[in-house]
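Architecture and fold: a report
What follows is the residue order along each chain.
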Amino acid sequence: MESNFPLRKIIHVDMDAFYASVEQLDNPKLRGKPIAVGGSSQRGVVAAASYEARKFGVRSAMSSVLAKRNCPELIFVKARFDRYKEISQKIRSVFFEYTDLVEPLSLDEAYLDVSTNKKGNPSATLIAKEIRQRILEETGLNASAGISINKFIAKVASDINKPNGQKTVNPEEVLQFLADLEIRKFYGVGKVTAAKMYQLGIFTGKDLKTKSADFLGEHFGKSGHYYFNVVRGIHTSEVKPHRIPKSVGAERTFNENLSSEIFMLERLDQIATELDRRLKKSDIAGKTITLKIKYSDFTLNTRSKTLTYFISDKDLILETAKELLYQEELQNSVRLLGISLANLNTAKKEKTKTAQEAILVQLKFDF
Ligand SMILES: [Mg+2]
(Lines give C-alpha, C1' and ligand atoms only; values in the text may rest on other atoms or scores of the structure.)
Protein backbone atom coordinates (compact mmCIF):
# COMPACT_ATOMS: atom_id res chain seq x y z
CA MET A 1 0.00 0.00 0.00
CA GLU A 2 1.30 3.41 -0.88
CA SER A 3 -0.98 5.37 1.35
CA ASN A 4 0.65 7.46 4.04
CA PHE A 5 -2.05 6.71 6.55
CA PRO A 6 -4.04 3.59 7.33
CA LEU A 7 -7.04 3.06 5.09
CA ARG A 8 -10.21 2.29 6.92
CA LYS A 9 -13.55 0.78 6.10
CA ILE A 10 -16.21 3.10 7.37
CA ILE A 11 -19.97 2.70 7.23
CA HIS A 12 -22.39 5.52 7.90
CA VAL A 13 -25.81 4.17 8.79
CA ASP A 14 -28.78 6.51 8.72
CA MET A 15 -32.38 5.54 9.44
CA ASP A 16 -34.92 6.74 6.88
CA ALA A 17 -37.20 9.55 8.12
CA PHE A 18 -36.66 8.10 11.58
CA TYR A 19 -39.22 9.72 13.91
CA ALA A 20 -41.89 9.73 11.24
CA SER A 21 -41.21 6.09 10.34
CA VAL A 22 -41.49 5.05 13.98
CA GLU A 23 -44.89 6.74 14.21
CA GLN A 24 -46.07 4.99 11.04
CA LEU A 25 -44.75 1.70 12.37
CA ASP A 26 -46.64 2.01 15.66
CA ASN A 27 -49.84 3.38 14.17
CA PRO A 28 -50.95 1.65 10.95
CA LYS A 29 -53.47 4.43 10.28
CA LEU A 30 -50.57 6.77 9.60
CA ARG A 31 -48.92 4.54 7.01
CA GLY A 32 -48.82 5.88 3.48
CA LYS A 33 -49.91 9.30 4.72
CA PRO A 34 -48.09 12.61 4.85
CA ILE A 35 -47.18 13.06 8.49
CA ALA A 36 -44.99 15.45 10.44
CA VAL A 37 -43.62 14.83 13.90
CA GLY A 38 -43.85 18.05 15.87
CA GLY A 39 -46.36 20.55 17.17
CA SER A 40 -49.02 22.06 14.91
CA SER A 41 -49.25 25.30 16.88
CA GLN A 42 -48.21 28.74 15.62
CA ARG A 43 -44.74 28.19 17.03
CA GLY A 44 -44.47 24.54 16.14
CA VAL A 45 -41.56 23.22 14.12
CA VAL A 46 -41.40 20.02 12.06
CA ALA A 47 -38.93 17.63 13.69
CA ALA A 48 -39.31 14.98 10.99
CA ALA A 49 -41.47 14.42 7.92
CA SER A 50 -42.56 11.16 6.30
CA TYR A 51 -41.58 10.59 2.67
CA GLU A 52 -45.21 11.16 1.69
CA ALA A 53 -44.99 14.63 3.25
CA ARG A 54 -41.60 15.36 1.70
CA LYS A 55 -43.19 15.09 -1.73
CA PHE A 56 -45.07 18.27 -0.85
CA GLY A 57 -41.90 20.04 0.21
CA VAL A 58 -42.32 19.48 3.93
CA ARG A 59 -38.89 19.42 5.57
CA SER A 60 -37.53 19.09 9.07
CA ALA A 61 -36.85 22.39 10.85
CA MET A 62 -39.62 24.02 8.78
CA SER A 63 -42.26 25.95 10.70
CA SER A 64 -45.44 23.93 11.12
CA VAL A 65 -47.50 26.76 9.66
CA LEU A 66 -45.52 26.70 6.42
CA ALA A 67 -45.55 22.89 6.35
CA LYS A 68 -49.35 22.88 6.57
CA ARG A 69 -49.53 25.47 3.80
CA ASN A 70 -47.37 23.26 1.56
CA CYS A 71 -49.35 20.17 2.42
CA PRO A 72 -52.92 20.81 3.65
CA GLU A 73 -53.48 17.07 4.31
CA LEU A 74 -50.48 16.96 6.66
CA ILE A 75 -51.09 15.06 9.91
CA PHE A 76 -49.16 16.29 12.93
CA VAL A 77 -48.01 13.69 15.46
CA LYS A 78 -46.48 14.45 18.83
CA ALA A 79 -42.87 13.36 19.29
CA ARG A 80 -42.29 10.41 21.64
CA PHE A 81 -38.60 10.54 22.42
CA ASP A 82 -38.67 7.66 24.87
CA ARG A 83 -39.88 5.41 22.09
CA TYR A 84 -37.24 6.73 19.67
CA LYS A 85 -34.54 6.12 22.27
CA GLU A 86 -35.78 2.59 22.81
CA ILE A 87 -35.49 1.82 19.09
CA SER A 88 -32.17 3.61 18.92
CA GLN A 89 -30.85 1.20 21.56
CA LYS A 90 -31.94 -1.75 19.43
CA ILE A 91 -30.17 -0.31 16.41
CA ARG A 92 -27.01 0.23 18.41
CA SER A 93 -26.99 -3.32 19.68
CA VAL A 94 -27.10 -4.46 16.05
CA PHE A 95 -24.03 -2.30 15.36
CA PHE A 96 -22.21 -3.85 18.30
CA GLU A 97 -22.69 -7.31 16.78
CA TYR A 98 -20.19 -6.15 14.16
CA THR A 99 -17.83 -3.70 15.86
CA ASP A 100 -17.27 -1.78 19.07
CA LEU A 101 -16.10 1.23 17.07
CA VAL A 102 -19.50 2.90 16.86
CA GLU A 103 -19.85 6.68 16.94
CA PRO A 104 -23.47 7.81 17.21
CA LEU A 105 -24.25 11.18 15.62
CA SER A 106 -27.82 11.21 16.85
CA LEU A 107 -30.50 8.69 17.78
CA ASP A 108 -30.73 7.43 14.21
CA GLU A 109 -27.28 7.89 12.72
CA ALA A 110 -23.86 6.44 13.42
CA TYR A 111 -20.43 5.86 11.98
CA LEU A 112 -18.99 2.35 12.24
CA ASP A 113 -15.39 1.37 11.66
CA VAL A 114 -15.44 -2.20 10.35
CA SER A 115 -11.82 -2.35 9.14
CA THR A 116 -11.51 -5.26 11.51
CA ASN A 117 -14.83 -6.60 12.70
CA LYS A 118 -16.30 -9.27 14.90
CA LYS A 119 -17.56 -11.31 11.93
CA GLY A 120 -14.19 -11.38 10.20
CA ASN A 121 -15.97 -10.19 7.06
CA PRO A 122 -13.59 -8.33 4.72
CA SER A 123 -16.39 -6.66 2.75
CA ALA A 124 -17.77 -3.48 4.27
CA THR A 125 -20.40 -3.45 1.53
CA LEU A 126 -21.75 -6.84 2.60
CA ILE A 127 -21.61 -5.89 6.27
CA ALA A 128 -23.70 -2.78 5.55
CA LYS A 129 -26.24 -4.94 3.74
CA GLU A 130 -26.41 -7.35 6.67
CA ILE A 131 -26.73 -4.55 9.20
CA ARG A 132 -29.63 -2.99 7.30
CA GLN A 133 -31.32 -6.39 7.16
CA ARG A 134 -30.75 -6.97 10.88
CA ILE A 135 -32.15 -3.52 11.70
CA LEU A 136 -35.25 -4.32 9.66
CA GLU A 137 -35.71 -7.62 11.51
CA GLU A 138 -35.19 -6.06 14.92
CA THR A 139 -37.22 -2.89 14.46
CA GLY A 140 -39.33 -3.13 11.30
CA LEU A 141 -37.66 0.01 9.99
CA ASN A 142 -35.53 0.82 6.97
CA ALA A 143 -32.02 2.23 7.08
CA SER A 144 -29.68 3.51 4.39
CA ALA A 145 -25.90 3.31 4.40
CA GLY A 146 -22.81 4.83 2.86
CA ILE A 147 -19.56 2.89 2.71
CA SER A 148 -16.09 4.25 2.01
CA ILE A 149 -12.59 4.94 3.28
CA ASN A 150 -13.43 7.78 5.66
CA LYS A 151 -16.30 9.30 7.62
CA PHE A 152 -16.75 12.25 5.29
CA ILE A 153 -17.31 10.15 2.16
CA ALA A 154 -19.42 7.54 3.97
CA LYS A 155 -21.70 10.29 5.27
CA VAL A 156 -22.15 11.86 1.84
CA ALA A 157 -22.69 8.43 0.26
CA SER A 158 -25.46 7.34 2.63
CA ASP A 159 -27.73 9.99 1.12
CA ILE A 160 -27.28 8.85 -2.45
CA ASN A 161 -29.54 5.79 -2.56
CA LYS A 162 -31.86 6.84 0.23
CA PRO A 163 -34.43 5.58 1.23
CA ASN A 164 -33.70 1.92 1.89
CA GLY A 165 -30.51 1.81 -0.15
CA GLN A 166 -26.77 1.94 0.15
CA LYS A 167 -23.81 3.22 -1.80
CA THR A 168 -20.20 2.13 -1.72
CA VAL A 169 -17.45 4.45 -2.89
CA ASN A 170 -14.51 2.13 -3.45
CA PRO A 171 -10.96 3.41 -2.83
CA GLU A 172 -10.21 3.69 -6.54
CA GLU A 173 -13.42 5.68 -7.10
CA VAL A 174 -12.89 8.16 -4.30
CA LEU A 175 -11.10 10.95 -6.17
CA GLN A 176 -13.51 10.92 -9.09
CA PHE A 177 -16.49 10.78 -6.74
CA LEU A 178 -15.25 13.84 -4.88
CA ALA A 179 -14.43 15.71 -8.10
CA ASP A 180 -17.98 15.18 -9.37
CA LEU A 181 -19.66 16.04 -6.08
CA GLU A 182 -21.72 19.23 -6.01
CA ILE A 183 -20.32 21.63 -3.47
CA ARG A 184 -23.60 21.94 -1.55
CA LYS A 185 -23.47 18.18 -0.92
CA PHE A 186 -20.14 18.39 0.89
CA TYR A 187 -20.74 17.57 4.54
CA GLY A 188 -20.17 20.76 6.51
CA VAL A 189 -21.15 23.08 3.65
CA GLY A 190 -24.39 24.79 4.58
CA LYS A 191 -26.37 27.36 2.62
CA VAL A 192 -24.17 30.28 3.63
CA THR A 193 -20.90 28.56 2.77
CA ALA A 194 -22.32 27.22 -0.49
CA ALA A 195 -23.29 30.75 -1.54
CA LYS A 196 -19.77 31.93 -0.76
CA MET A 197 -18.26 29.05 -2.72
CA TYR A 198 -20.44 29.89 -5.75
CA GLN A 199 -19.21 33.47 -5.63
CA LEU A 200 -15.67 32.16 -5.80
CA GLY A 201 -16.57 30.03 -8.80
CA ILE A 202 -16.60 26.76 -6.86
CA PHE A 203 -19.54 24.56 -7.83
CA THR A 204 -18.09 21.05 -7.63
CA GLY A 205 -15.27 19.16 -5.97
CA LYS A 206 -13.28 19.59 -9.17
CA ASP A 207 -13.49 23.38 -8.84
CA LEU A 208 -12.61 23.16 -5.16
CA LYS A 209 -9.49 21.16 -5.91
CA THR A 210 -8.06 23.94 -8.10
CA LYS A 211 -7.90 26.28 -5.08
CA SER A 212 -4.79 26.41 -2.93
CA ALA A 213 -4.75 25.78 0.80
CA ASP A 214 -3.85 29.43 1.34
CA PHE A 215 -6.72 30.65 -0.81
CA LEU A 216 -9.23 28.46 1.05
CA GLY A 217 -7.79 29.45 4.42
CA GLU A 218 -8.10 33.08 3.50
CA HIS A 219 -11.77 32.74 2.58
CA PHE A 220 -12.98 30.07 5.01
CA GLY A 221 -10.59 30.24 7.96
CA LYS A 222 -10.00 26.94 9.70
CA SER A 223 -12.63 25.23 7.57
CA GLY A 224 -10.54 26.02 4.50
CA HIS A 225 -8.01 23.44 5.62
CA TYR A 226 -10.79 20.89 6.02
CA TYR A 227 -12.16 21.56 2.51
CA PHE A 228 -8.65 21.38 1.05
CA ASN A 229 -8.17 17.94 2.56
CA VAL A 230 -11.55 16.25 2.15
CA VAL A 231 -11.65 16.92 -1.58
CA ARG A 232 -8.34 15.01 -1.81
CA GLY A 233 -9.82 12.03 0.01
CA ILE A 234 -8.18 13.00 3.27
CA HIS A 235 -10.24 12.94 6.41
CA THR A 236 -8.33 11.42 9.27
CA SER A 237 -11.01 11.81 11.93
CA GLU A 238 -11.41 8.45 13.62
CA VAL A 239 -14.63 6.77 14.63
CA LYS A 240 -14.82 7.76 18.28
CA PRO A 241 -16.88 5.39 20.38
CA HIS A 242 -17.38 7.95 23.12
CA ARG A 243 -17.93 11.40 21.86
CA ILE A 244 -16.50 14.08 24.07
CA PRO A 245 -18.91 17.01 24.08
CA LYS A 246 -17.48 20.46 23.39
CA SER A 247 -20.20 22.17 25.35
CA VAL A 248 -23.17 21.34 27.51
CA GLY A 249 -26.27 23.47 27.56
CA ALA A 250 -29.94 23.82 28.32
CA GLU A 251 -32.50 26.13 26.78
CA ARG A 252 -36.18 26.90 26.70
CA THR A 253 -38.61 28.32 24.18
CA PHE A 254 -41.53 30.11 25.75
CA ASN A 255 -45.17 29.90 24.81
CA GLU A 256 -45.46 33.61 25.34
CA ASN A 257 -42.73 36.11 24.65
CA LEU A 258 -41.18 37.45 27.82
CA SER A 259 -40.66 41.13 28.30
CA SER A 260 -40.48 41.27 32.07
CA GLU A 261 -37.06 40.74 33.61
CA ILE A 262 -38.55 39.08 36.65
CA PHE A 263 -40.01 36.33 34.49
CA MET A 264 -36.73 35.98 32.63
CA LEU A 265 -34.81 35.52 35.86
CA GLU A 266 -37.28 32.90 36.94
CA ARG A 267 -36.73 31.01 33.68
CA LEU A 268 -32.98 31.41 33.88
CA ASP A 269 -33.10 29.76 37.26
CA GLN A 270 -34.98 26.78 35.80
CA ILE A 271 -32.56 26.54 32.89
CA ALA A 272 -29.55 26.69 35.23
CA THR A 273 -31.10 23.90 37.29
CA GLU A 274 -31.43 21.74 34.20
CA LEU A 275 -27.87 22.52 33.11
CA ASP A 276 -26.61 21.73 36.61
CA ARG A 277 -28.33 18.35 36.43
CA ARG A 278 -26.67 17.56 33.09
CA LEU A 279 -23.24 18.63 34.32
CA LYS A 280 -23.52 16.49 37.44
CA LYS A 281 -24.66 13.50 35.43
CA SER A 282 -21.49 13.57 33.30
CA ASP A 283 -19.20 15.02 35.96
CA ILE A 284 -18.29 17.99 33.76
CA ALA A 285 -17.10 21.51 34.55
CA GLY A 286 -16.27 24.40 32.25
CA LYS A 287 -14.85 27.89 32.07
CA THR A 288 -16.94 29.68 29.44
CA ILE A 289 -20.57 30.53 30.11
CA THR A 290 -22.71 31.59 27.17
CA LEU A 291 -26.15 33.11 27.39
CA LYS A 292 -28.30 32.73 24.31
CA ILE A 293 -31.21 35.05 23.73
CA LYS A 294 -33.64 34.70 20.86
CA TYR A 295 -35.97 37.63 20.39
CA SER A 296 -39.56 37.56 19.21
CA ASP A 297 -38.39 38.76 15.78
CA PHE A 298 -36.12 35.66 15.71
CA THR A 299 -32.86 37.61 15.93
CA LEU A 300 -30.32 35.78 18.00
CA ASN A 301 -27.90 37.24 20.48
CA THR A 302 -25.20 35.37 22.39
CA ARG A 303 -23.04 36.76 25.17
CA SER A 304 -20.16 34.90 26.78
CA LYS A 305 -17.85 35.19 29.69
CA THR A 306 -14.76 33.10 30.31
CA LEU A 307 -13.55 32.59 33.85
CA THR A 308 -10.06 31.63 34.93
CA TYR A 309 -11.33 28.56 36.77
CA PHE A 310 -13.71 25.67 36.10
CA ILE A 311 -17.24 25.88 37.42
CA SER A 312 -20.11 23.39 37.49
CA ASP A 313 -22.07 24.85 40.35
CA LYS A 314 -25.58 26.07 39.66
CA ASP A 315 -25.34 29.27 41.71
CA LEU A 316 -22.17 30.41 39.98
CA ILE A 317 -23.59 29.62 36.57
CA LEU A 318 -26.78 31.48 37.34
CA GLU A 319 -24.93 34.51 38.69
CA THR A 320 -22.82 34.72 35.54
CA ALA A 321 -25.83 34.23 33.30
CA LYS A 322 -27.66 37.07 35.09
CA GLU A 323 -24.66 39.30 34.69
CA LEU A 324 -24.68 38.55 30.96
CA LEU A 325 -28.40 39.22 30.76
CA TYR A 326 -28.00 42.66 32.31
CA GLN A 327 -24.96 43.49 30.22
CA GLU A 328 -27.01 45.16 27.52
CA GLU A 329 -30.48 46.53 27.09
CA LEU A 330 -32.86 43.89 25.78
CA GLN A 331 -33.87 44.81 22.26
CA ASN A 332 -37.24 43.20 22.19
CA SER A 333 -39.42 40.65 23.95
CA VAL A 334 -37.71 37.29 24.34
CA ARG A 335 -38.91 33.93 23.04
CA LEU A 336 -35.97 31.70 23.97
CA LEU A 337 -33.28 31.66 26.63
CA GLY A 338 -30.40 29.25 26.91
CA ILE A 339 -27.26 28.78 28.97
CA SER A 340 -24.30 26.68 27.93
CA LEU A 341 -20.94 25.87 29.35
CA ALA A 342 -17.87 25.34 27.14
CA ASN A 343 -14.09 25.12 27.54
CA LEU A 344 -14.78 21.92 29.40
CA ASN A 345 -12.44 19.97 31.63
CA THR A 346 -12.99 16.97 29.34
CA ALA A 347 -11.34 18.54 26.28
CA LYS A 348 -8.24 16.82 25.03
CA LYS A 349 -5.81 18.43 22.70
CA GLU A 350 -6.33 17.12 19.18
CA LYS A 351 -3.28 15.78 17.48
CA THR A 352 -2.00 18.02 14.76
CA LYS A 353 -2.89 16.54 11.44
CA THR A 354 -0.68 17.09 8.45
CA ALA A 355 -1.99 17.18 4.94
CA GLN A 356 -0.88 14.42 2.66
CA GLU A 357 -2.09 13.56 -0.78
CA ALA A 358 -4.03 10.34 -0.67
CA ILE A 359 -2.75 7.78 -3.11
CA LEU A 360 -5.82 5.72 -3.62
CA VAL A 361 -5.79 4.63 -7.20
CA GLN A 362 -3.25 1.83 -6.91
CA LEU A 363 -4.79 0.37 -3.83
CA LYS A 364 -6.05 -3.13 -3.84
CA PHE A 365 -8.48 -3.07 -1.04
CA ASP A 366 -11.36 -5.40 -0.39
CA PHE A 367 -14.54 -3.43 -0.06
MG1 LIG B 1 -32.04 9.76 9.40
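Residues numbered from 1 in each chain as written. Predicted model: local features only at pLDDT ≥ 70, side-chain atom pairs only at ≥ 80, totals over all residues. Heavy atoms only, no water.

Distances from the magnesium ion to its protein donors, Asp14 (OD), Met15 (O) and Asp108 (OD), fall at 2.2 to 2.4 Å. Sequence spacing among the residues donating to the magnesium ion works out to D-M-x92-D. Residue aspartate 14 is classed as buried on the basis of its relative accessible area, which comes to 11%. The exposure class assigned to methionine 15 is buried, which follows from its relative accessible area of 2%. (Donors = N, O, S within 2.8 Å, 3.2 Å for Na, K, Ca; no water. Buried < 20%, exposed > 50% of the residue type's maximum accessible area, 1.4 Å probe, protein only.)

Okay, unusual backbone geometry next. Between lysine 162 and the following residue, proline 163, the backbone shows a cis peptide bond with an omega angle of -5°. Residue placement: proline 163 occurs in the loop between α6 (151-158) and β8 (166-168). With phi around 75°, alanine 61 is a residue other than glycine that occupies positive phi space. Examined against the element boundaries, alanine 61 turns out to sit in the loop between α2 (51-54) and α3 (64-70). The phi dihedral of asparagine 343 falls on the positive side, at around 60°, and the residue is not glycine. Its place among the elements puts asparagine 343 in strand β12 (residues 334-344). (Helix = DSSP H or I, 4+ residues; strand = E, 2+ residues; numbered from the N terminus.)

Right, let's talk about the domain arrangement of the protein chain for a bit. Examined at the domain level, the protein chain breaks down into domain 1 (10-17 + 82-172), domain 2 (18-81), domain 3 (174-239) and domain 4 (247-349). For domain 1 and domain 2, the distance between their C-alpha centroids amounts to 25 Å. A buried area of about 1,400 Å², summed over both sides, lies between domain 1 and domain 2, and 65% of it is on carbon and sulfur atoms. The largest per-residue losses of area from domain 1 upon contact with domain 2 belong to Ala17, Arg83 and Tyr84, which jointly make up 56% of the total buried on that side. Applying the counting criterion to the domain 1 and domain 2 interface returns one salt bridge. For aspartate 26, the salt bridge is made with arginine 83, and the minimal N-O distance between the two is 2.7 Å. Our count for the domain 1 to domain 2 interface comes out at 13 residue pairs in polar contact (both at pLDDT 80 or more). (Domains from an automatic or database assignment. Buried area = accessible area lost by both parts, 1.4 Å probe. Salt bridge = Lys/Arg side-chain N within 4 Å of Asp/Glu carboxyl O. Polar contact = N/O pair within 3.5 Å; in protein donor to acceptor, adjacent residues only side chain to side chain.)

Let us look at helix α11 (residues 222-230). Regarding α11, the residues found buried are Gly224, Tyr227, Phe228, Asn229 and Val230. In this structure, the buried side of α11 is in contact with α6, α7 (174-180), α8 (191-199), α9 (205-209) and α10 (213-220). (Contact = heavy atoms within 4.5 Å.)

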